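In case you want the letters, here they are:
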Amino acid sequence: MSLSRSLLAGSRERAAVRWALALSVLVGVASHVETAAAQAWRPAFVGQGAVTVGYTDNVFSVADDATDPPHVSDWFYRLRAGVAAHFVGQRQYTLLEYMAEGERYQTQTDEILWIHRASGVLSRTVSRRSTLDAAAGYERGRSHVFAGAGARRDQTLGVRVGERAFSLLRGSQRIDYEVSDTISVFERTWAQKFASEDTQENTASGFELGGQGGLEREWRNTTGFLTAGPRYISFKQLGAPDRTRDLLLDASVRAVRDLVRWGRPWAGALEVGATMVRPLQRDDRNVIQPTAMAQLTYSPPNSGYAMLTLRRSVVPSFEAGASTVSDRVMLAGGVPLLWNQQEQRPRLMLDGAAGWEQSRAASDVAETRFVVRFADVGATFAPVVGVGVSLRYAYIHQRVHQNDGAADALSSLGDYERNTVMLVISGMLPGRGPRTTHVTGLGYSPSGDVALPRSVLSPGGGGGPGGGGGGGGDGR
């Protein structure tokens, strides 16, 4: 059975994707037909594209003395093109997107490997006191994978050298109800399914079902959240014969304080909680992992920004076949050097991020942990609205610490160091519109002159239950 047929030919997955995306379209169209006679709504279509030329000194992300695969350098090329359609009405916002991305290494690969992404977002005011947010997305294709790299873009671990075919399906919904002017309650549910197969026909798969309820309380410049809910996760590790299953119970308290209303360009967030991991098919004992997040943001008008984030979270790793605990510290910032007063936008921007992260399996018998240091800095020049030329440098350094004879889900990772330089030319037509969401995160952020709804996956933003979040890429 071929690599692509064995993974991507499942009729159930294709049917689920068609229903998920069709539902987003039908709900949006139906609501627009219903309200078009009574209110004005404006559609907008945005095309996006980018060309990347890059060079890396460690193609396979392996140790300096590695021989199989070897430690080699290479040029790579990346193409990206997509289209977005968004509809803004008095009571509803709808966003539909499609993106295709291809990547090829000059000497180490024989062809361009393509990834296709599609997503839909709906935010609707149901009544005077309630709102509904929903999102669905699908991603499939073939990608390069590297020893030890941990596929950091997808937050998965334990991948092998070569290429893989994969699919990822996600969906979520959230309902908010205002009890009073300062108190509201919400519930949200989400599901995701992942599957991949490498060139040696080793397969990995998994799915997650989750739900959460909570209470939100607003004060003058502070918002508090109290949340709790379960997650059920099923894993099949790459090459492993059997599945493992975990039940996670999350609970947290979060406060977000905004000082901009007082004329100060500061904002802060603090979250504390705990996640209980209950293995359903293993002899491991129940484990309670504390979770926390602290974030401080400084963003003066027309003067750049700075953000410090500290986070401890419990997230599933489908490739490794385990729930993992991640500790992260990251500092990000940007400074505009040339400012266009007439258009009120920067023409030249310096930005970057640097941080440290440690991960291990979320069990009482974890034998492996790995520590990653990463940095990503660059300069972007925007001669006109919608066009950008960016020169970037990315660095990632991973060290693995193992007990003797370690055999847990993360024991296949190795040490490596990688430097990458990229030149990216990107464009958007017209020059303002919704920025691509990249469905792997399903976290939607504002851009242009359109304010998108807050993420339906996490109250008050963030990257999912207990935190999570991306960043720290290795330049791929």
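Note that this is a predicted model, so its numbers are computed, not measured.

(A) Region of the structure containing the overall build of the chain. Helix and strand counts for the chain stand at two helices and 18 strands. Burial status across the chain gives 48% buried among its 476 residues. Contacts in the chain between residues far apart in sequence, at least 24 positions, make up 61% of those at least 6 positions apart. When the accessible surface of the chain is totalled, it reaches about 22200 Å², and 59% of it is carbon and sulfur.

(B) Just the pattern of salt bridges, in detail. Inspection of every chain in the model, using the stated rule, returns 13 salt bridges. In this structure, Glu208 and Arg231 form a salt bridge, with 3.9 Å as the shortest nitrogen-oxygen distance. Remark: Arg231 occurs in strand 9 (residues 222-236) and Glu208 occurs in strand 8 (residues 203-218); sequence separation between them is 23 residues. Classification of Glu208 as buried rests on a relative accessible area of 3%.

(C) Focus on the pairing of strand 3 (residues 92-105). Of all 14 residues in strand 3, 11 are buried, a share of seventy percent or more. As paired strands, strand 2 (residues 74-88) and strand 3 are joined by 13 bridges and run antiparallel to one another. Across the sheet, the residue bridging to Arg78 is Glu103, located in strand 3. Inspection of the sheet shows strand 3 paired to strand 4 (residues 113-125) by 12 bridges, in the antiparallel sense. Bridging from a neighbouring strand, Glu101 pairs with Ile115 of strand 4.

(D) Local environment of the packing of aromatic side chains. Within the structure shown, the criterion is met by five aromatic pairs. Their ring planes at 50° and their centres at 6.0 Å tell us that Phe207 and Tyr232 sit as a pair that is tilted. Of this pair, Phe207 sits in strand 8 while Tyr232 sits in strand 9; the two residues are 25 residues apart in sequence, bridging distant segments of the chain. On the basis of relative accessibility, which here comes to 29%, the residue Phe207 falls in the partly exposed class. Residue classification places Tyr232 among the partly exposed positions, given a relative accessible area of 26%. Note on Trp266 and Tyr298: the rings are 4.6 Å apart at their centroids and 45° apart in plane angle, and the pair reads as tilted. Pair noted here: Trp266 is in strand 11 (residues 266-279) and Tyr298 is in strand 12 (residues 287-298), with a separation of 32 residues, a long-range link. By relative accessible area, Tyr298 is classed as partly exposed at 33%. It is Arg174 that lies over the ring of Phe186; its NZ or CZ is 4.4 Å from the centre.

(E) Geometry of the nonpolar core. If you look at the biggest cluster of nonpolar residues, it comprises 12 residues: Ile115, Phe166, Leu168, Phe194, Ile233, Phe235, Leu248, Val277, Val314, Phe318, Val325 and Ala362. Elements represented by at least two residues in this core include exactly strand 6 (162-178) and strand 9. Formed by eight residues, the second largest nonpolar core is a distinct cluster that contains Val59, Phe60, Val62 and Tyr105.

(F) The pairing of strand 9, seen in detail. Counting buried positions along strand 9 gives 11 out of 15 residues, so the element sits mostly inside the fold. Pairing geometry for strand 8 and strand 9, over 12 bridges, is antiparallel. By the bridge assignment, Glu208 is partnered in strand 9 with Ile233. Remark: three residues form the turn of the hairpin made by strand 8 and strand 9, two consecutive strands paired antiparallel.

(G) Examining the environment of Glu216 more closely. Note on placement: Glu216 falls in strand 8. Residues Glu216 and Ala255, 39 residues apart in the sequence, show an inter-C-alpha distance of 9.6 Å.

(H) Spotlight on the confidence of the model for the chain. Averaged over all residues, the pLDDT of the chain is 75; the fraction at 70 or higher stands at 70%. The low-confidence segment residues 433-476 (pLDDT under 50) makes 136 contacts with residues lying over four places distant or belonging to another chain.

(I) Summary view of a nonpolar patch on the surface. A contiguous nonpolar surface patch, about 970 Å² in accessible area, is contributed by Val335, Leu337, Leu338, Leu350, Val377, Phe381, Val389, Leu391, Tyr393, Val421, Leu423 and Ile425. In this fold, Leu350 is placed in strand 15 (residues 345-361). On the accessibility criterion, Leu350 (38% relative accessible area) is partly exposed.

What counts, and where the lines are drawn
- Residues numbered from 1 in each chain as written.
- Predicted model: local features only at pLDDT ≥ 70, side-chain atom pairs only at ≥ 80, totals over all residues.
- Heavy atoms only, no water.
- Helix = DSSP H or I, 4+ residues; strand = E, 2+ residues; numbered from the N terminus.
- Buried < 20%, exposed > 50% of the residue type's maximum accessible area, 1.4 Å probe, protein only.
- Contact = heavy atoms within 4.5 Å.
- Areas by Shrake-Rupley, 256 points an atom, 1.4 Å probe, with all protein chains shown as cover.
- Salt bridge = Lys/Arg side-chain N within 4 Å of Asp/Glu carboxyl O.
- Pairing = 2+ DSSP bridges.
- Phe/Tyr/Trp six-rings, centres within 6.5 Å; stacked < 30°, edge-to-face > 60°.
- Lys NZ or Arg CZ within 6 Å of the ring centre and 35° of its normal.
- Core = buried A, V, L, I, M, F, W, Y, C linked by side-chain atoms within 4.5 Å.
- pLDDT = per-residue confidence, 0-100.
- Patch = residues over 30% accessible without salt bridge, like charges linked within 9 Å, V, L, I, M, F, W, Y side chains within 5 Å.

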